[in-house]
Amino acid sequence: MSEKILFTDMDGTLFTSDKEISPRLKELLIGLVERGNRLVLSSGRTQSSIQNAIDRIGLALPGMFFISTNGNAVYDCDRKRFLFQKTVPLDIAQGVIDLAHKHGLHIQSYTDSHVVCERNNPEIAFYRKATGMDAIFTPDIMSVVRKPPGKLLAISLESRSRLEPLRLDVLEKYGDTIAALYSCDEYLEFFDKTAGKGNAVRYVCEHLHIPLSHAVAVGDAENDISMLEAAGYGVAMANADPLVKEHADSVTQNDNDHDGLAEVILKYFAS
C-alpha cells in the first residue's frame, strides 16, 4: 500500500482542552506509523514548545516532522535539523509591537527557547499554562530576541473583537510582507506571508515524495485552513471554528475532548 501522511494540528485537535492525549489516540498514532505512514505535527507553537509537549506525552515516533510557528519552519525529528525557517524582518517586528502598544494589547515574540514579552500579566500566564514555555520579561522585546523572529503573537483574554483593529492595522501597513491570522479567539498570529501551514504541507510532501492526494490534514482554527486546503483531504474538528468547517471536506463527529482525531485515523489509516 502506498505511504500516506497525516498532518495534525495540536491544540484543539491532537490535544484535549487539558493539553493531554488519550491512551486510545496515542495507540492509534503509534499504529499509523508502524504501518509505514508518516505523522507530521503542525502548530502555531515554536519548535521547542512542540518538542517539549511531545516529550511530555511520550509521542516521539520514527520519521516524524514538526511544522512550527504556523508553517514558518519544518523540522526533521530523526535528523534533528530544520529543513527551512522563515522569519519576520526586524523592522516589521518592531512595527507590529508598536501597533500593539497603540491598541493597548499584549504582544510577545520568541527566542529559540523562551517567549519574550514586556510584563508578567494574565495574558502571559494564560499562554504559559497552555504551552509550558518559560518567559523572559523586558521593556524592549526585540533587544532580547535580537534576530528576525519566526512570529509575533498578540493575546486578548476579552474577545476577538479587541484584536481585530490590530489585525487590520498590521495588514494595512505590512500586509504585503506578513500574514495576520487567528489560531484561537485569544491569539492573533503574525508571520511571514509566504509561509503558512498549507505551503509547509506542500513542502513536506514534495520532500518525502508523497503525493498530496495521499495527505490528510486535520485542524480546528483559522490558521489551519490553508493546511486543510493543501492536503488531498482536509478534516475539521467538531470543535472547529465555523469558517474552518466551510473549508473542510468533512467534519468529525466528536470534538478534541472525545477523540475526534481518532475517527480520521480509523477512516483513512486503518490498513
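Residues numbered from 1 in each chain as written. Predicted model: local features only at pLDDT ≥ 70, side-chain atom pairs only at ≥ 80, totals over all residues. Heavy atoms only, no water.

A. Inspection of the pairing of strand β10 (residues 178-184) at higher detail. Counting buried positions along β10 gives five out of seven residues, so the element sits mostly inside the fold. The pairing of β10 with strand β11 (residues 187-192) spans six bridges and is antiparallel. Residue pairing in the sheet places Tyr-182 in a bridge with Leu-188 of β11. Connecting the antiparallel pair β10 and β11 is a turn made up of two residues. (Buried < 20%, exposed > 50% of the residue type's maximum accessible area, 1.4 Å probe, protein only. Helix = DSSP H or I, 4+ residues; strand = E, 2+ residues; numbered from the N terminus. Pairing = 2+ DSSP bridges.)

B. Highlighting the pattern of salt bridges. Using the criterion set out here, one finds 18 salt bridges in the structure. With a closest N to O distance of 3.1 Å, Asp-76 and Arg-79 form a salt bridge. Among the residues examined, Asp-76 registers a relative accessible area of 1% and is labelled buried. For Arg-119, the salt bridge goes to Glu-118, with nearest N and O atoms at 4.0 Å. (Salt bridge = Lys/Arg side-chain N within 4 Å of Asp/Glu carboxyl O.)

C. Broad picture of the side chain of Asn-121. Within the element layout of this structure, Asn-121 appears in the loop between β7 (115-117) and α4 (122-131). Judged by its relative accessible area of 13%, Asn-121 is buried. Side-chain polar atoms of Asn-121 contact the side chain of His-106, separated by 3.2 Å. (Polar contact = N/O pair within 3.5 Å; in protein donor to acceptor, adjacent residues only side chain to side chain.)

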